[in-house]
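Residues per chain, in single letters:
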Amino acid sequence: MPFMMGISQLLAPLDEYDLTFPDLMAFIQLACMAKPFICQCMNDIRHPPIHPPEVIVSLLAGEISQDPPTILACWVAFHQVIWTHSAVLPTDQEIEVFNCHGLVCECHTRYYPNYWTNNTDSTHIYYTGVPSVIQAARHFYIEAALLELFAAMKVFGWMSSMNCACVYNYALARRHAYISNNRHAFDATLPQVFDEEFSWHCLVLPHDEQQWIQIDVVLSERNKEMEGIGQEAYPHACDLCFIVIGDNNSKSKIQVAVCDGNTIGHPCCAVHDCKVPLMTNCHRFCPDHQDLNQRCAVDGCDEVNASGFRTCANADHQALEDAYFKPLKRAGVTLPLDSVPSSLDSGSSSPNSADEDLEVIVDSECNGKPENSNKHLRARFGRHRTHNEQLIMRPCGVILVQATFFGSKAISAVNEFAKAVFPTAASTPEYFIFDNNCKLHAHQDAIGDDHFAATGMPVDVFHFNSKHKETDIYCQQHCNPAAFPELISGGKWRFNTSICKQTNVWLGGYQAILWDMSVHRYNFYLDEMIKHQNCYVISESERQGHSPWMIFMDTLFGSD
């Protein structure tokens, strides 16, 4: 009886409307289907809105053939039921009915599973948060849990996206699946990564360009956010990287950071240390240096190319080019198995693309050698690559940041990199381990840089024993790890100072995957793999009882 009285109370406001029971059931079902969109339009989703969005009112009115006032009356009667209802699983017919009218209104907005578009300003706006099912291509959807599986396969197996798809199609998909390896699928899932990380605002992209063009600008902005202190595990601490020494009267902390590089890299402008991205990976020079394509490829020669050559009219220079491109084996050039660019590569018709994978510098003796010694010519006929990726880590295995060094691993660049990662006195570690700390310390002394004045700078134990001379007095005074007793306990080193070398083995597994990526996707991919790897390292640290925790960012950088 109370249940029947509750139903009567719900239906009482609808007595004056011409509604059948199937109309009411259809309204509730379709309104529940529209609930995720309604939530996107609200700041507080704990309570249902008094008035649903106009576009939803129009949609429901069209679907059950009623006018908007009737729909509003139904909403007043059933809004609590709709808001507390669990997620509905619509039938194919209900989906057809829902899509037949479409989420379109007079404001020129169209709604899709992952995003909505506005034709007035040509914007492509993704919903906040990560849905349980993501539209990967026009008619194909991927569960978010499956994407997490793909991410784990990349972190622990160094698998490419195509190999992830192959594993899924072979081992998990239905036996007679009619679609496989959609090369556009992973492009479409990129925006959901941004939604997961930056859930406080919507991702907005232009709607009138190709997907890869749309995403590059946002990738660049996101990569800048990850520089320095951007990784979410940056404030990590645990018993393996953060210890407290002393007694009750005098306690102090010891926190350590380790720095080292890896030789993986991405294509870049052939001008030394130029950081302007290439238009495509098939180019040798960035847009700012395109005029150098017309200059001789031999180092130190500024003459204009001869017709049909990449070198000038000098016979020795042309002979060097001929030795490079024709009898390659006799010239001692080692080439990849496939040096011909794919027909799918953007810009493959450019004059640079024929040798896009040839990156060897050729030395050749000149016929006109001077009396005192041979004269050598050096030339680069292929594209250039960045010098290395530099890591700063905690000894426990958490990666704080990765950064690209373009021209060289210069000591001055390492110094600026370290200052960007530890910009305040509170954030600087007690010890900074680097295999060339003696040169770094000397550089800081020479320029009067006291940013790391309170930081000890020992050299990694392995490098100190094998690559630093005992006669180097400066190194022995400032960088001998044995001169820092706080780093030793019970005759053993407290911290794993070789962690970067060990992590480089894992990072190097991505070299084949990263080899031909554009700079924006390269950095995005590395940052994502590092983020997932950090999550795993921290979970293992907790499982093994090393008490991981997060330092308050205000403690490191203040409250401003």
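Residues numbered from 1 in each chain as written. Predicted model: local features only at pLDDT ≥ 70, side-chain atom pairs only at ≥ 80, totals over all residues. Heavy atoms only, no water.

K.L.:
Could you give an account of the sheet that holds strand β1 (residues 109-111), naming the residues involved and the relevant values?
P.N.:
Ordered by their spatial adjacency, four strands build an open sheet running β1-β2-β3-β6, and the pairing between neighbours is antiparallel. Across the chains shown, the open sheet's two edge strands, defined by having one partner strand only, are β1 and β6 (203-206). Ignoring which end each strand starts from, the neighbouring axes of this sheet average 20 degrees apart. Bridge analysis of strand β2 (residues 115-118) against strand β3 (residues 123-126) gives four bridges, and the strand direction is antiparallel. Bridge assignment links T117 to a residue of β3, and that residue is H124. (Pairing = 2+ DSSP bridges. Helix = DSSP H or I, 4+ residues; strand = E, 2+ residues; numbered from the N terminus. Axes fitted to C-alpha atoms, helices over the stretch in contact; angles between N-to-C directions.)

K.L.:
Can you explain the packing of helix α6 (residues 144-157) against helix α17 (residues 519-543)? Please cite residues and give values.
P.N.:
In the contact formed by α6 and α17, the axes pass within 10 Å of each other and the chain directions differ by 90 degrees. By the angle between their axes, α6 is roughly perpendicular relative to α17. Side by side, α6 and α17 meet where E148, A151, K154, V155 and F156 of the first sit next to Y525, M529, H532, Q533 and Y536 of the second. Taken together, the residues that form the contact of α6 with α17 break down as six nonpolar, two polar and two charged. (Parallel < 35°, antiparallel > 145°, perpendicular 65-115°, else oblique. Contact = heavy atoms within 4.5 Å. Nonpolar A, V, L, I, M, F, W, Y, C, P; charged D, E, K, R; others polar.)

K.L.:
Could you give an account of the state of the cysteines, with specific residues and numbers?
P.N.:
Going through the model one piece at a time under the given rule, you end up with zero disulfides. Looking at C312, it has no disulfide partner, and the nearest cysteine sulfur is the one in C301, 3.7 Å off. Free cysteine: C500, not disulfide-bonded; nearest cysteine sulfur from C259 at 6.4 Å. (Disulfide = S-S within 2.5 Å.)

K.L.:
Report on the pairing of β3, specifying residues and quantitative values.
P.N.:
Alternating positions in β3 separate into two faces, T123 and I125 on one and H124 and Y126 on the other, with burial throughout. Between the end of β2 and the start of β3, which pair antiparallel, lie four residues, with S122 showing a positive phi angle near 55 degrees. Sheet analysis places β3 next to β6, joined by four bridges and oriented antiparallel. Pairing of H124 across the sheet is with L205, part of β6. (Buried < 20%, exposed > 50% of the residue type's maximum accessible area, 1.4 Å probe, protein only.)

K.L.:
Any chance you could break down the side chain of K154 for me, citing the residues and the numbers?
P.N.:
Residue placement: K154 occurs in helix α6. With a relative accessible area of 8%, K154 lands in the buried category. In this view, K154 contacts M159, S160, S161, C164, Y510, Y525 and M529; residues no more than four positions away in its chain are not counted.

K.L.:
Please provide a residue-by-residue account of empty space enclosed by the protein, values included.
P.N.:
On inspection of all chains with the given rule, the structure shows four cavities of 30 Å³ or more. Lining the largest cavity are 13 residues, with V258, C259, D260, D460 and T497 positioned closest to its centre. Those elements that provide at least two residues to the lining of the largest cavity are β9 (251-262), β16 (431-434) and α15 (499-508). For the lining of the largest cavity, the residue count by class is six nonpolar, three polar and four charged. (1 Å grid on protein atoms, 1.4 Å probe; cavity = no way out; pocket = protein on both sides within 12 Å on 5 of 7 lines; lining within 4 Å. Points joined across faces, edges and corners; volume = space filled by probe spheres on them.)

K.L.:
Provide a residue-level description of the pattern of salt bridges, including the pertinent values.
P.N.:
This model, assessed by the stated rule, comprises twelve salt bridges. K419 is paired through a salt bridge with E416; the nearest N and O atoms lie 3.7 Å apart. Here the residue K419 and the residue E416 both occupy positions in helix α11 (residues 411-421), the gap between them amounting to three residues, near one helical turn. On the basis of relative accessibility, which here comes to 23%, the residue K419 falls in the partly exposed class. E416 gets classed as partly exposed once you look at its relative accessible area, which sits at 46%. One continuous salt-bridge network, built from bridges that share partners, spans R222, D527, E528 and K531. (Salt bridge = Lys/Arg side-chain N within 4 Å of Asp/Glu carboxyl O.)

K.L.:
Can you break down the nonpolar core residue by residue, with the values?
P.N.:
By size, the foremost hydrophobic cluster in this structure holds 34 residues, and its most contacted members are L14, F27, I56, L60, I71, F78 and I82. For this core, the elements supplying multiple residues, two or more each, are α2 (21-40), α3 (54-63) and α4 (68-84). Top element by residues in this core is α2. It accounts for eleven residues. Excluding anything up to four places from it in sequence, L60 contacts F27, L30, A31 and I71. (Core = buried A, V, L, I, M, F, W, Y, C linked by side-chain atoms within 4.5 Å.)

K.L.:
How would you explain α15 if you had to name every residue and give the values?
P.N.:
Within the sequence span of α15, burial applies to I499, C500, T503, N504, W506 and L507. Looking down the long axis of α15, one finds its buried residues gathered within 160 degrees of arc, a one-sided arrangement. Contacts made by the buried residues of α15 are with α6, β9, β14 (388-393), β15 (399-405), α16 (511-514) and α17. (Arc of directions from axis to C-beta.)

By themselves, these figures tell us nothing about what the structure is for.
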